[in-house]
Amino acid sequence: MMRHLWAAVIWGMIFVLSGCGVPPEGTAGSDDDAFVQAVLADYPQLKGKPYSVDQVKRVVDGDTFETASNNKVRLIGVNTPESIGKIEPYGKEASEYTKKRLSNRKVFLFTDTGNTDTYGRLLRYVFVEGERIMYNELLVREGYANPMTVPPNVMYAKLFVQAERSAREQGKGLWAAGKKPGSSTGVSAGTNNEAADSTCANPEIKGNINARKEKIYHVPGGRYYEQTVPEQLFCSAKEAEKAGYRKSKE
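All of the points below concern the structure found in this document.

Criteria and thresholds
- Residues numbered from 1 in each chain as written.
- Predicted model: local features only at pLDDT ≥ 70, side-chain atom pairs only at ≥ 80, totals over all residues.
- Heavy atoms only, no water.
- Salt bridge = Lys/Arg side-chain N within 4 Å of Asp/Glu carboxyl O.
- Helix = DSSP H or I, 4+ residues; strand = E, 2+ residues; numbered from the N terminus.
- Buried < 20%, exposed > 50% of the residue type's maximum accessible area, 1.4 Å probe, protein only.
- Phe/Tyr/Trp six-rings, centres within 6.5 Å; stacked < 30°, edge-to-face > 60°.
- Lys NZ or Arg CZ within 6 Å of the ring centre and 35° of its normal.

Focus on the pattern of salt bridges
Inference 1: Under the criterion given, the structure shown has 13 salt bridges.
Inference 2: The salt bridge involving D32 is made with K106; its shortest N-O contact spans 2.8 Å. On the criterion of sequence distance, the pair formed by D32 in helix α2 (residues 30–42) and K106 in strand β5 (residues 106–110) is long-range, its members being 74 residues apart.
Inference 3: Of the residues examined, K106 reaches a relative accessible area of 26% and is grouped as partly exposed.
Inference 4: With a closest N to O distance of 3.8 Å, E129 and K106 form a salt bridge. Remark: K106 occurs in strand β5 and E129 occurs in the loop between β6 (122–128) and α4 (135–141); sequence separation between them is 23 residues.

In structure tokens form, the structure reads like this:
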């Protein structure tokens, strides 16, 4: 009797260690699998990328939230105005929108190339259960956020620029008054590629906002110039600095 019992235990251990019956990391149940397949059909670049499933416990601001597993998640590629501390125009609205859309919702979190930022937050493309549009994209498309490209996570940089153009053309959110709050010169990338004061026909200086929300501009020939997808374009360093950007330390 004891011999049969030990045999059952040993076979059970072999079964578990071999991985049989245990879903591999980054997978979920059949309903979740069906949803993920639908997402991958719309966003094929995510195929093969690790993902996890979690629940939103608390929204910090428009682009950051905490999950039930006690992870803090930062949306890749987008930036909402500040709603904490030094409050920026439309920051509260962006925060409230994310609270409304994400609070207590089940979310699917996909990675790009980098896993975390300098603050230890998970960098993720986020999908809400049952909603096939990526939430990062939705924020920009509805005018609650601007693109914020931080290499190496650049998979959907062009998509976010296109989404911003759509929001701008429709006068949504940040663009309701016809311009980005707080900006003076330059334009958002992907609009008409012309500086606001028309000092040149083809502005080439790229203004970008990094993970620390620092405004940095890159000049042609710079180390990071080619890989940078700009939030704004400028005709001169003076214009960029007037808009609050500093030169890249290369």
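More follows now that the structure is in view.
A short note on the packing of aromatic side chains
Inference 1: Summed over all chains, the structure comprises nine aromatic pairs.
Inference 2: Measuring from ring centre to ring centre gives 4.8 Å for F35 and F108, while their planes differ by 50 degrees; the resulting arrangement is tilted. Taken together, the residues F35 in helix α2 and F108 in strand β5 connect sequence positions 73 residues apart.
Inference 3: Taken together, the ring pairs in this structure connect Y43, Y51, F110, Y125, F127 and Y156 into an aromatic cluster.
Inference 4: It is K206 that lies over the ring of Y225; its NZ or CZ is 4.3 Å from the centre.

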